[in-house]
Each structure stands twice: as C-alpha cells, then as structure tokens.
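Below, each chain spelled out in residue letters.
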Amino acid sequence: MENNTLLKIAEEFGSPVYVYDAEKIVSQYKRLSSAFSKVKKLKINYATKALSNISVLKLFNSLGSGLDTVSIQEVQLGLKAGFNPKDIIFTPNGVSLKEIEEVSAMGVQINIDNLSILEQFGAKHPKVPVCIRINPHVMAGGNTNISVGHIDSKFGISIHQIPLLLRIVENTKMTINGIHMHTGSDILDIDVFLYASEILFDTAKHFPDLEFMDFGSGFKVPYSKGDIETNIEELGEKLTKRFNQFCKEYGKTLTLAFEPGKFLVSESGFFLTKVNVVKQTTSTVFAQVDSGFNHLIRPMLYGSKHEIENISNPAGRERFYSVVGYICETDTFANNRRITEISEGDILCFKNAGAYCFTMASNYNSRYRPAEVLWYKGKAHLIRKQESFEDILRNQIELEAF
Ligand SMILES: *Cc1c(COP(=O)(O)O)cnc(C)c1O
C-alpha cells in the first residue's frame, strides 16, 4: 500500500489503527493454490486465529477457502461469516470433550490430538469420522516458542503411540477420515517439511478410510527485504509429486489440505501509530508511540522484527531509534533501529501486521483495542470500530458494598 493512502487512513480513522490490504490476501491465496494446481483435490483452510475479523473471514469464504479453527468461538465466527460447516476443521489443543462434541454437532470436521479424548469420543460417537493430529517430532525452525513438533511438545499424538492409537480405533470401531500434522510456525527448510511429510505418509498407510491429509502450515514470510521465506512454488512442485504418487499407492484420490495463517495475511497488514514523544537519554533516542504490547505483542513475546517506517518523512535522513510504547512496562518494539528522522506527531508504520497482531491485543492499562480497516478495491472500509469506555466497563460489576 502507498504511504499517502496509509496516512489518509490514519487521518480519517485515527491512530493507532490496523490496515489490511485485501488484494495482498487474495494474491497470497492464489499463489498457494497455483503452487499446488497439479493436486486433484486441494483444500486451503485459513487459520482463523491469525486474523479473525468477520469481514476478513468473509473475504476468505468468497475465495473458496475453508477455515481452520481452534475454539468453538472461532467456529461460530466462521459460521456467522457464511462458511459451510463442512468447510471448517476444528483443530483444538487440550479442550474439553464437551466442546468437541458441541462443535461436532454443528457438522464441523473434528481433529483430535490426544488419545484420551480420542477414546472417549470414539466410544460415544463411533459413527462420526474423525481426523487425528500426529506429532512427527520434527523441529521446524529453531524457536521452541513457535515450534510445536518437538518431542516434549503438547501438540499432537506421538508417532511412537501409533500402536495404541490403532487399538483405540479398532476397539471403538470409529472411522479416521483425515490425518494431520502441524509442525509449527516458520519452516526454514523445505527438506524438513518433506521429511515430516514422509512420516505422515507412513502413518497414513495404517488408516484405510482416509479422505484427506492435512499438512498444517508454518510457511515463513519475509519480514524485510532479502529475508528468507518458504519457497512455496518449490514446495508445491515437490510435495505434489510425492502426494500424487502416494494417492496411487493408497488407491484413492485424497484431498491435500493446508491451514496457513501467517502466509495468507501477515504481509497484508500495516499497523499505524503516532509518535507522542521523542525522548533523548544519555545513550538512546526513543520514539514513543501511542501503542504498546497491548496492541502488538509479537516483538516482545517472540522477538519478531517488524519493519518500521516513518511514513510521514520517508525521504528524511536516517537515524537510530528505539521505538517503544506508552505502556507502563518495558514495551520495546525495536532497538537501535535505523529509521528516517522522526518528529513528534509522525506516523510510524509497522509492517507484517496482519497475522497474530490484532488477535493478540488486550486492554492492558485499560486502553482501547484499535480500529481495523480493510483496503478493498481502492477504498478504506472500517471493519472494526476502536473500542470505547463502555467496552472497558462491559461485564464489570460494581459492588454496592463500597
Ligand atoms: C496456528 C495454527 C496454524 C497456522 O500457522 P501459521 O504459522 O500462521 O501458518 C495452522 N494450524 C494449526 C493447528 C495452528 O494451530
């Protein structure tokens, strides 16, 4: 998106504000589908938790996407956005049997990731086909905060427990119609992904009633120029070949499913903040913006390095800044970052703000969560109002005793 457009949006809707470029979402979706165009049946299930605004979900629905959900509330959002329950997969971790049963009753595909619930669900509902989440124990990326495939991970059923898994399926007479893995965010290496896929193929052979295989996600997107990203086209070529070969061996054309979040929405997002104070200390120049980890926590939680551009002065002389927020807590967005000269009142734009940014926002310091704007066909559409004081008070109960 162009700086002038973003500046106008900040002016019209105030700051801070999240802006999403619909065109980028569409082009990422198409890029992924065309990388796998030689797969007979492809299903892309957008991971709702990355960015769950109902208008964004409706955009995905219009593209023919399915949804990957991790809570009953995300399922409800998806249904409200118009998704067919058959196009929603429920991939929770550690939720109650009751929640799984409720979602299943809505006609949504269930994905179970532990043997205890699998056995209980299978015993009660042997006729409902279920997908199982396998943990192939493959490390994707190097960061254990976001790597969910390692041996001590809480996600998935270990491949070492396949014998017990098979016994549960046999005893309950349930049907396994899908097999799934998600090794975590940030796959750095296609070969690692293909290696994990082989484990999934090996596991799949044990289940004669499969309809689909879900390879999860974890595709890496660039955070700056020259940054490494998953080569989707190369992965598409290699995995397609292997998948089609597997289907032949298996004797059935299965659906190949993915559930990307970050890949589809990360780069579409821009977070616009205004500089309240430029503060010089003995060692550092701080630019303090009207936000904090209440709005964007990824830099503090994961150490993610979002590019920050001063769109009010893009041609200015570059200087070094620490960009921090207004929260009464250390809320450093960027340390010692080269940014064009910042004056108070300038608008700083955070890139890659589409995935896991707004959805992780909170009301810490009793601040409002910001507005969200969708840039669609050359127009800015408000898709979420900024909160108000009523939202802060909502559900709070004032005791009369004091
Ligand atoms: C979060 C999540 C995803 C999406 O991961 P990205 O790295 O955003 O692509 C996919 N599948 C499951 C099960 C998830 O929990």
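1. Concerning the nonpolar core
- Counting residues in hydrophobic clusters, the biggest one holds 99 residues, and the most contacted among them are Leu165, Met213 and Phe215.
- No other element matches helix H8 (residues 190-204), which puts eight residues into this core.
- Shared between two domains, this core takes at least three residues from each, and those domains are domain 1 (22-264) and domain 2 (266-383).
- Leucine 165 has contacts with Leu115, Leu118, Ile132, Ile134, Ile157 and Phe207, leaving out every residue within four places of it along the chain.
- Core analysis: the second largest hydrophobic core is formed by twelve residues, Val19, Leu272, Cys349 and Ala371 among them.

2. Topic: the domain arrangement of the protein
- When its domains are assigned, the protein resolves into domain 1 (22-264) and domain 2 (266-383).
- One C-alpha centre belongs to domain 1, the other to domain 2, and the line joining them spans 32 Å.
- Facing 22 residues of domain 1, the contacting portion of domain 2 comprises 21 residues.
- A combined buried area of about 1900 Å² lies between domain 1 and domain 2, and 54% of that area is made up of carbon and sulfur atoms.
- When residues of domain 1 are sorted by the area they lose upon contact with domain 2, Ala22, Tyr223 and Lys262 head the list and together hold 30% of the total.
- Scanning the region where domain 1 abuts domain 2 turns up zero salt bridges.
- Our enumeration of links across domain 1 and domain 2 arrives at ten residue pairs in polar contact (both at pLDDT 80 or more).
- No other element matches helix H2 (residues 22-35), which puts four residues into the side of domain 1 that touches domain 2.
- Classifying every residue of the side of domain 1 that touches domain 2 by side-chain character gives ten nonpolar, eight polar and four charged.

3. Here we look at the packing of aromatic side chains
- Going through the model one piece at a time under the given rule, you end up with 19 aromatic pairs.
- For the ring pair phenylalanine 219 and phenylalanine 258, a centre distance of 5.3 Å and an interplane angle of 70 degrees mean the geometry is edge-to-face. Of this pair, phenylalanine 219 sits in the loop between strand E9 (212-214) and helix H9 (232-250) while phenylalanine 258 sits in strand E10 (residues 255-258); the two residues are 39 residues apart in sequence, bridging distant segments of the chain.
- A relative accessible area of 0% means that phenylalanine 258 is categorised as buried.
- In this structure an aromatic cluster arises from ring pairing among Phe36, Phe193, Phe201, Phe215, Phe219, Phe243, Phe246, Tyr250, Phe258 and Phe263.

4. Examining unusual backbone geometry
- With an omega of -5 degrees, the peptide bond running from serine 15 to proline 16 counts as cis.
- For proline 16, the position within the fold is in the loop between helix H1 (3-13) and strand E1 (17-21).
- In the Ramachandran plot, asparagine 365 falls in the positive-phi region, its phi being about 70 degrees despite a non-glycine side chain.
- Among the structural elements, asparagine 365 can be located in the loop between strand E16 (347-350) and strand E17 (371-376).
- A positive phi angle, near 55 degrees, is found at serine 366, a position not held by glycine.
- Looking at the secondary structure, you find serine 366 in the loop between E16 and E17.
- Under the relative-accessibility criterion, serine 366 is labelled exposed at 52%.

So, how was this worked out
For every chain, the first residue of the written sequence is number 1, and numbering continues from 1 onward in sequence order. In view of the model being predicted, local features appear only for residues whose pLDDT reaches at least 70, and side-chain atom pairs are presented and counted only at 80 or more, with totals across whole chains, interfaces and linings using the full set of residues. Hydrogens and water are ignored here; the side-chain numbers use all heavy atoms of the structure. Residues grouped as a nonpolar core are buried Ala, Val, Leu, Ile, Met, Phe, Trp, Tyr and Cys residues, joined through side-chain atoms within 4.5 Å. Burial classes: relative accessible area under 20% of the type maximum marks a residue as buried, over 50% as exposed, and values in between as partly exposed (1.4 Å probe, protein chains only). A run of H or I in DSSP becomes a helix once it reaches four residues, and a run of E becomes a strand once it reaches two; helices and strands are each numbered from the N terminus. Delimitation of the domains relies on an automatic or database domain assignment. By definition, residues are in contact when any of their heavy atoms lie within 4.5 Å. Buried area: the accessible surface (1.4 Å probe) lost by two parts on joining, summed over both. Salt bridges are identified by distance alone: a Lys or Arg side-chain nitrogen within 4 Å of an Asp or Glu carboxyl oxygen. Side-chain atoms alone can form a polar contact between residues adjacent in sequence; in general such a contact is a pair of N or O atoms within 3.5 Å, and within protein one must be able to donate a hydrogen while the other accepts it. Amino acids are sorted into nonpolar (Ala, Val, Leu, Ile, Met, Phe, Trp, Tyr, Cys and Pro), charged (Asp, Glu, Lys and Arg) and polar (every other residue, Gly among them). Aromatic rings from Phe, Tyr and Trp, taking only the six-membered ring of Trp, are treated as a pair when their centres fall within 6.5 Å; an angle between ring planes under 30 degrees marks them as stacked, one over 60 as edge-to-face, and anything in between as tilted.

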